[in-house]
Amino acid sequence: MLKLENVTKTFGKIVALKDINFNIGDSEFVFITGASGAGKTTLLRLMLRELLPDSGKIELDKEDITKLPSKQIPRLRQKIGVVFQDFKVLGERTIKENVEVALAVIGLPKNDWEARVEHVLKLVGLTDRADLFPAQLSGGELQRVSLARALVVNPKIILADEPTGNLDWETADKLMDLFEKINSEGKSIIMATHNKLIIDKMNKRVIELKEGGVFSDSESKVKTKSEKGKK
Ligand SMILES: Nc1ncnc2c1ncn2[C@@H]1O[C@H](COP(=O)(O)OP(=O)(O)O)[C@@H](O)[C@H]1O
Ligand SMILES: [Mg+2]
């Protein structure tokens, strides 16, 4: 589904990513880890076409997104929902309105909004918070709002950049249950995190970056485990 081939990205003299190669399959759950500055965020931004690599290919469903004309970037972004460490919710809008914003962006007719918003708010367990404002919610709840907003356009992939960075362990752990559920319903999850506790607990594929290169990729090990899991 997503294939990176010899991807290199520099910022002036800084080599943020160096000759990156990997493949991520449909419905996979993958952690991208590594120390601060290792290149995790840059990698996610390349997948979103927020950045272009200096060289290399990034194929999503066999289409090289680095060659995509800018007119087609909105179409790419509909396939990818994004969740950030700092939630990025709009303080002056209700929870429901925050989720609706994503539907407005893709130009979905208003008649179709209610059912979609209800569905995702239920999925993340926030139905009874729909008419509250962000200041009235906890950090864990706000992260679930941002997950609902990412999901409401029905993307194929969820990219999450340090989504537990502002959460305590217990809240982070619960959020992971939710990501797990979403993944089991068929969405691919690509999550950048340096939270080792979470990575160890989740037992998913882990791609570790070090100084902009792929230091390790647990793909083969995890494949065996998930095959066992499927019985
Ligand atoms: N827009 C930018 N301009 C200049 N340097 C950048 C920019 N974005 C990232 N970098 C540099 O690229 C490297 C990787 O950064 P980043 O992808 O944010 O790492 P991580 O998310 O793993 O902490 C760092 O050295 C960082 O300073
Ligand atoms: Mg980062």
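The structure under discussion appears in the preceding block.
Just so we're clear, the structure is a prediction, and the values are computed from it rather than from any experiment.

Cut-off values and rules
- Residues numbered from 1 in each chain as written.
- Chains lettered and ligands numbered in written order.
- Predicted model: local features only at pLDDT ≥ 70, side-chain atom pairs only at ≥ 80, totals over all residues.
- Heavy atoms only, no water.
- Near = heavy atom within 4 Å.
- Polar contact = N/O pair within 3.5 Å; in protein donor to acceptor, adjacent residues only side chain to side chain.
- Areas by Shrake-Rupley, 256 points an atom, 1.4 Å probe, with all protein chains shown as cover.
- Axes fitted to C-alpha atoms, helices over the stretch in contact; angles between N-to-C directions.
- Helix = DSSP H or I, 4+ residues; strand = E, 2+ residues; numbered from the N terminus.
- Parallel < 35°, antiparallel > 145°, perpendicular 65-115°, else oblique.
- Left-handed = near helix turned anticlockwise from the far one by under 90°.
- Contact = heavy atoms within 4.5 Å.
- Nonpolar A, V, L, I, M, F, W, Y, C, P; charged D, E, K, R; others polar.
- Buried < 20%, exposed > 50% of the residue type's maximum accessible area, 1.4 Å probe, protein only.
- Expected span 1.5 Å × (residues − 1).
- Pairing = 2+ DSSP bridges.
- Salt bridge = Lys/Arg side-chain N within 4 Å of Asp/Glu carboxyl O.

Student: Would you mind showing me how to read the site of ligand 1 here?
Tutor: Neighbouring ligand 1 are the residues F11, I14, A16, A35, S36, G37, A38, G39, K40, T41 and T42. Between G39 and ligand 1, the recorded distance is 3.0 Å, taken from a backbone N or O atom to an oxygen atom. K40 is positioned such that a nitrogen or oxygen atom in its side chain is 2.8 Å from an oxygen atom of ligand 1. Across the complex, the protein chains shield 62% of the 560 Å² of accessible surface that ligand 1 would expose by itself.

Student: Please clarify how the packing of helix 3 (residues 95-106) against helix 4 (residues 113-123) should be interpreted in this entry.
Tutor: When two helices pack together, you describe them by how their axes are tilted relative to each other and by the distance separating the axes. Direction vectors running N to C along helix 3 and helix 4 enclose 120 degrees, while the axes themselves pass 10 Å from each other. When the axes of helix 3 and helix 4 are compared, the pair comes out oblique. Viewed along their axes, helix 3 and helix 4 form a crossing whose handedness is right-handed. Between helix 3, through I95, K96, V99, E100, L103 and A104, and helix 4, the contact on the second element is made entirely by W113, R116, V117, V120 and L121. Grouping the amino acids of the contact of helix 3 with helix 4 by side-chain chemistry returns eight nonpolar, no polar and three charged.

Student: For this particular structure, what's the right way to read the environment of M202?
Tutor: Along the chain, the position of M202 falls in helix 7 (residues 196-202). Residue class for M202 comes out buried when judged on its relative accessible area of 10%. Sequence-distant contacts of M202, that is, excluding residues within four places in its chain, are made with F29, F31, M176 and E180.

Student: Explain helix 5 (residues 139-151) to me, please; I cannot follow it from the model alone.
Tutor: Residues that lie three or four places apart on an α-helix share one face, since the helix turns once every 3.6 residues. Taking 1.5 Å of rise per residue, the 13 residues of helix 5 would be expected to cover 18 Å, and the 18 Å separating its terminal C-alpha atoms lies within 8% of that figure. With 11 of 13 residues buried, helix 5 is to be regarded as a mostly interior element. Along helix 5, the positions that sit buried rather than exposed are G140, E141, L142, Q143, V145, S146, L147, A148, R149, A150 and L151. Along its buried surface, helix 5 packs onto strand 6 (80-84), helix 3, helix 4, strand 7 (157-161) and helix 6 (169-184).

Student: Would you mind showing me how to read the sheet that holds strand 6 here?
Tutor: Pairing between sheet strands relies on hydrogen bonds along the backbone, with the strands arranged either parallel or antiparallel. The sheet built from six strands is open, its strands ordered 6-7-8-3-9-10 with mixed pairing. Each edge of the open sheet is held by one strand with a lone partner, namely strand 6 and strand 10 (213-217). On average, adjacent strands in this sheet sit at an angle of 20 degrees to one another, irrespective of strand direction. Pairing of strand 9 (residues 205-210) with strand 10 involves four bridges; the strand directions are antiparallel. The residue bridging I207 from the neighbouring strand is D217, located in strand 10. Contacts between helix 6 and the sheet are confined to strand 3 (29-33), strand 7 and strand 8 (188-192), with strand 8 contributing the most and set at about 150 degrees to the helix.

Student: It is not clear to me how helix 6 should be interpreted in this structure. Could you clarify?
Tutor: Look at helix 6: 22 Å from first C-alpha to last across 16 residues, which is about the 22 Å you get at 1.5 Å a residue. Elements in contact with the buried residues of helix 6: strand 3, helix 4, helix 5, strand 7, strand 8 and helix 7. In this structure D168 caps helix 6, since a side-chain oxygen of it lies 3.2 Å from the backbone nitrogen of E170. Positioned one or two residues after helix 6, G186 has a phi angle of 110 degrees, which is positive.

Student: Teacher, can you tell me more about the pairing of strand 1 (residues 2-11) here?
Tutor: The side chains of a regular strand alternate, residue by residue, between the two faces of the sheet. Of the strand pairs in this sheet, strand 1 and strand 2 (residues 14-24) are connected by seven bridges, and their pairing is antiparallel. Across the sheet, the residue bridging to K9 is L17, located in strand 2. Where strand 1 folds back onto strand 2 in an antiparallel hairpin, the turn is made up of two residues, including G12, whose phi is positive at roughly 60 degrees.

Student: Honestly, the pattern of salt bridges in this entry has me stumped. Any pointers?
Tutor: Here the idea is simple: oppositely charged side chains can pair when their charged atoms come close. This structure, assessed with the given rule, holds 17 salt bridges. Here R45 makes a salt bridge to E50, at a shortest N to O gap of 3.0 Å. On the basis of relative accessible area, E50 is assigned to the partly exposed category, the value being 39%. Within this structure, D26, D61, K79 and K156 form a network of salt bridges that share partners.

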